[in-house]
Amino acid sequence: MHEGGTVWIDLADKRRPGVVVEARGELVRVAYGTSNELPGTGAVVVHPDTRAGKKFPLVRTTYFYGANTGWELPDGLHPGAAECARDLFDEIRRLVEEHDACVEET
Amino acid sequence: MTERRWAFDAPGGFLPWLTSLRRDLRHLVANTTATKEERELLLLLDYAASHHGDVLLAADDVDDLDDRLDDLLRRPDVFHWHVLAARLARPLLRREPVRADRFAETAGPAIGAGQVRALEAAAPLIDAYFRVQRELLARFAAEDADDAWNELEAVGPQILTSPDVPPEVAASLAGGLRAGLSMLGIARAVQQGTVVEPWLARELVERLVSGIRAHLRLLAAMPGAEVPESVLPVTERLDLAAIGERHRRARRYAERTFGAARSRLLRDA
């Protein structure tokens, strides 16, 4: 598991698409997506029929939010079909970093 | 890692400037007035044009082209080629970069009149980019280039995905690399005397120009870089101080959550 890889992660009885945003020691930090749209919350939206969506591959429109990340053991993750599209990776990282900085500030 | 260093941690922006000199280098070699470094550099450029440029010229459609660009950005050999070329190119820093209109003229037979016009329309941006690259690289080379390049060799293409580099900076560096690779694709077609399919020529030129713009957002934010406001408005340039501050806070958060998660997960495992 490495930065920029796509993964699938089982969370709350659902298998969700994710992107590894940091690999460190025994753990990886995954930004995971959801099909729930939260109006008014900054999100990176990925559609299944796009180049980025096919990398997982997604089956429905997916929203990545800055707060939706977690450190995980790689054993609990399933590799995605291909590497995350470069532009999507940068967008997700930016959203996560903005969230992290905001939380750290408060 | 300092903000100044971010500009060149991936020597991507170096490549368009270097490729623009290719025709001049060929003339020097043909006239047997080229130095040893200039000959080596031309060989390197021709190697990259054939190996990396061919990869792009074989694209089937737009998505395939972007996949190929993403793959090239991940390849250690592509990254190391960039570093090697950047190291060899130091003697060329005294040369004036080729103007965008001249590059467009050279590329014309390969990319067609429509894309020549697109390059000419982007000439102020491209010329400003070449100029600022040369200025900053000359300054950088005079300071601590050897240490920096050695460090860069050790890190490799992971620099573009590293959590230690702010995402805007990584995106900007990737833009520079994308521009360089797109330029190599065009250079390869020129080298072979082939005509690029119109859709591919359009997409290569679009990625060349948008990649330059992305990288210039970073370069123009460097102290001492002179980029006219008409070429890139100040509002489009990266605010490195703000990004740096946000990045430091975000890293503290990641550090803290990593520590907590590690204790919990390893205890439960």
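**Student:** What exactly am I supposed to notice about helix α12 (residues 240-268) of chain B here?
**Tutor:** Within an α-helix, residues lying three or four positions from one another point in the same direction, as the helix has 3.6 residues per turn. Between the first and last C-alpha of α12(B) there are 41 Å, a value that for 29 residues agrees with the 42 Å anticipated at 1.5 Å per step. All of the buried residues along α12(B) are B:L240, B:I243, B:R246, B:H247, B:A250 and B:A254.

**Student:** Please clarify how helix α7 (residues 100-111) of chain B should be interpreted in this entry.
**Tutor:** All names here are of chain B. Given a rise of 1.5 Å per residue, twelve residues ought to cover 16 Å, yet the end C-alpha atoms of α7 are separated by just 14 Å, more than 12% below that figure. Taken together, the buried positions of α7 are occupied by A100, F103, A104, A107, A110 and I111. What you see down the axis of α7 is that its buried residues fit within an arc of 100°, all on one side. G112, located one to two residues past α7, shows a positive phi value of around 90°.

**Student:** When you look at the environment of A:S35 in this model, what are you seeing that I'm missing?
**Tutor:** The topology assignment puts A:S35 in the loop between β3 (27-34) and β4 (43-46). Spatially, the C-alpha atom of A:S35 lies 15 Å from that of A:A67, the residues being 32 residues apart in sequence.

**Student:** I keep staring at the sheet that holds β3(A) and nothing clicks. Help me out?
**Tutor:** Hydrogen bonding along the main chain pairs the strands of a sheet, whether they run parallel or antiparallel. Within the open sheet, the six strands sit side by side as β4-β5-β3-β2-β1-β6 (chain A). Their pairing is antiparallel. With partners counted over all chains shown, the strands left at the sheet margins are β4 and β6 (77-83) of chain A, one partner each. Within the sheet, the average angular offset between the axes of one strand and its neighbour, ignoring direction, is 45°. The pairing of strand β1 (residues 5-11) of chain A with β6(A) spans four bridges and is classified as antiparallel. Looking across to β6(A), one finds that A:W8 is bridged to A:H78. Strand contacts of helix α2 (residues 86-105) of chain A: β2 (14-24), β3, β4 and β5 (62-72) of chain A, with the helix running at about 70° to β5(A), the strand carrying the most contacts. Along the sheet, α12(B) makes contact with β2, β3 and β5 of chain A, crossing β3(A) at roughly 105°.

**Student:** Explain the packing of α2(A) against helix α10 (residues 167-192) of chain B to me, please; I cannot follow it from the model alone.
**Tutor:** Between two packed helices, what matters for the description is the angle formed by their axes and the separation of those axes. Running from N to C, α2(A) and α10(B) point in directions that differ by 160°, and their axes come no closer than 9 Å. The pairing of α2(A) with α10(B) is recorded here as roughly antiparallel in orientation. Every pair of crossing elements has a handedness; the one defined by α2(A) and α10(B) is left-handed. From α2(A), A:R86, A:D90, A:R93, A:R94 and A:E97 reach across to α10(B), where they touch B:P167, B:E168, B:A170, B:A171 and B:A174. When its residues are assigned to classes, the contact of α2(A) with α10(B) shows four nonpolar, no polar and six charged.

**Student:** When you look at the interface of chain B and chain A in this model, what are you seeing that I'm missing?
**Tutor:** Often, the extent of an interface is quoted as the loss of accessible area on bringing the components together. Taken together, the contact pairs 28 residues of chain B with 24 residues of chain A. Of all the secondary-structure elements, those providing two or more residues to the side of chain B that touches chain A are α5 (62-74), α10 and α12 of chain B. Ranked by residue count, the leading element in the side of chain B that touches chain A is α12(B), at 13 residues.

**Student:** Just to check I follow, could you spell out the domain arrangement of chain B for this structure?
**Tutor:** Residue and element names in this part refer to chain B. Segmentation of chain B into domains returns domain 1 (3-238) and domain 2 (239-269). With seven residues of domain 1 at the interface, the matching set in domain 2 holds six residues. Residue composition of the side of domain 1 that touches domain 2, by class: five nonpolar, no polar and two charged.

**Student:** Any chance you could explain the packing of α10(B) against helix α11 (residues 198-219) of chain B here in plain terms?
**Tutor:** Residues and elements named next belong to chain B. Orientation of α10 relative to α11, taken along the N-to-C sense of each, is 145°, at an axis distance of 7 Å. The element α10 and its partner α11 pack so that their crossing is left-handed. Packed against α10, whose contacting residues are V169, A171, S172, L173, G175, G176, R178, A179, S182, M183, G185 and I186, the element α11 presents L204, R207, L208, G211, I212, A214, H215, R217 and L218 at the interface. Of the residues belonging to the contact of α10 with α11, the class tally is eleven nonpolar, seven polar and three charged.

Rules behind the numbers
Residues numbered from 1 in each chain as written. Chains lettered and ligands numbered in written order. Predicted model: local features only at pLDDT ≥ 70, side-chain atom pairs only at ≥ 80, totals over all residues. Helix = DSSP H or I, 4+ residues; strand = E, 2+ residues; numbered from the N terminus. Expected span 1.5 Å × (residues − 1). Buried ≥ 20, exposed ≤ 12 C-beta atoms within 10 Å, placed from the backbone. Arc of directions from axis to C-beta. Pairing = 2+ DSSP bridges. Axes fitted to C-alpha atoms, helices over the stretch in contact; angles between N-to-C directions. Contact = placed C-beta atoms within 7 Å. Parallel < 35°, antiparallel > 145°, perpendicular 65-115°, else oblique. Left-handed = near helix turned anticlockwise from the far one by under 90°. Nonpolar A, V, L, I, M, F, W, Y, C, P; charged D, E, K, R; others polar. Domains from an automatic or database assignment.

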